[in-house]
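Tertiary structure, described
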Amino acid sequence: MRYQLLGFGIGLGVHLAVPPFVISADLETIQERGYLIVAVKDNWRPLGFTDEQGDLVGFEIDIATRLAETLFGDDTSVVFYPVSNRDRIPAVLAGEVDVAIAGMAITPMRERIVDFSYPYYLDGTALITNNPQIQSLQDLETAAIGLLEGSDAVPSIHYTLPSASLVGVSSYQAAMETIESGSISAVAGDVTVLTGWAQEYPAYRLLPEVITAEPLGVVMPKGHEYITLRRFINASINQWHEEGWLEEQATYWGLP
């Protein structure tokens, strides 16, 4: 399925452990240590999640593994550090991890606190439904749409579907309960989250339009001492884009 972006151009054996407290490391220090410590998600399918065998897998897990392989020539030279959404940046700032590859959108507010790599994926706001009669945004012009309370997507959804009724929900689980009850016709949310939703519950389907663009990047500490680390990661991401590897992995994990 080809996904459209409204208003934007859309182109664009590992270790699982909790490491001891470490000071944020520059590239030379990481190389001397011999392994990379990466904050990841373990409950965000398909970016990072635990599969039926208990293994940590996903698109971002592959990126972290490839980064370790590029750095050390060994794809097992990585320690995964699962974090909650609210702990992604604090883990980097506190030096608990070297970098975070955990569904972090690059925003001006966040760039004031941490540095980001070049984007490795273009996320955004999409809509999901379990109603087979709804095939596009036009079918939602006067419908009730659920989205997370306080979501940054509210203005974009309102602009795109001005006659729709927006219903706030406290979580994606609450959104599912609400749409199952028939109170809403669709749910708006991050493409990466809704992709995992559709993979886990085949009765649901993403609509083909993406409303906003949110590039995801690797999070690193700010500071002159981390310039070499940032350049290394940026060069790696550029190479993976040129090779088509990032796009291939995104497709493998079902991301549009």
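Bear in mind that the values here come from a model prediction, so they are computed numbers and not experimental data.

In this structure, the largest pocket occupies an estimated 1,100 Å³ of space. Along the wall of the largest pocket there are 38 residues; nearest its centre are Trp44, Leu148, Tyr172, Asp190 and Val193. Taken together, the elements giving at least two residues each to the lining of the largest pocket come down to β4 (43–44), β12 (144–148), α6 (172–180), β14 (186–190), α7 (191–200) and β17 (214–216). Per-element tally for the lining of the largest pocket: the top contributor is α7, with four residues. Across the lining of the largest pocket, the residue classes break down as 15 nonpolar, twelve polar and eleven charged.

Backbone torsion omega between Arg45 and Pro46 reads 10 degrees, so that peptide bond is classified as cis. If you trace the backbone, Pro46 turns up in the loop between β4 and β5 (48–50).

Right, let's talk about the sheet that holds strand β15 (residues 205–206) for a bit. Across the sheet, which stays open at both edges, the five strands sit in the order β13-β12-β14-β11-β15 with mixed pairing between neighbours. Each of the sheet's edge strands pairs with one partner strand only, and the pair in question is β13 (165–169) and β15. As defined by bridge partners, strand β11 (residues 125–129) adjoins β14 across four bridges and the pair is classed as antiparallel. The partner of Ile128 across the bridge, within β14, is Val187. In the packing of α6 onto the sheet, contacts are made with β11, β12, β13 and β14, and the angle to β14 comes to roughly 160 degrees. Its contacts with the sheet place α7 against β11, β14 and β15, and it is angled at close to 125 degrees to β14.

Okay, the packing of helix α2 (residues 59–72) against helix α9 (residues 245–252) next. Taken N-terminus to C-terminus, the directions of α2 and α9 make an angle of 145 degrees; their axes are 9 Å apart at the nearest point. Note on packing geometry: the crossing formed by α2 with α9 is right-handed. Side by side, α2 and α9 meet where Phe59, Asp62, Ile63 and Arg66 of the first sit next to Trp245, Leu246, Gln249 and Ala250 of the second. Considering only residue class, the contact of α2 with α9 consists of five nonpolar, one polar and two charged.

Here is what the cut-offs are and how they apply
Residues numbered from 1 in each chain as written. Predicted model: local features only at pLDDT ≥ 70, side-chain atom pairs only at ≥ 80, totals over all residues. Heavy atoms only, no water. 1 Å grid on protein atoms, 1.4 Å probe; cavity = no way out; pocket = protein on both sides within 12 Å on 5 of 7 lines; lining within 4 Å. Points joined across faces, edges and corners; volume = space filled by probe spheres on them. Helix = DSSP H or I, 4+ residues; strand = E, 2+ residues; numbered from the N terminus. Nonpolar A, V, L, I, M, F, W, Y, C, P; charged D, E, K, R; others polar. Pairing = 2+ DSSP bridges. Contact = heavy atoms within 4.5 Å. Axes fitted to C-alpha atoms, helices over the stretch in contact; angles between N-to-C directions. Left-handed = near helix turned anticlockwise from the far one by under 90°.

Function cannot be inferred from these measures alone, as they are strictly geometric.
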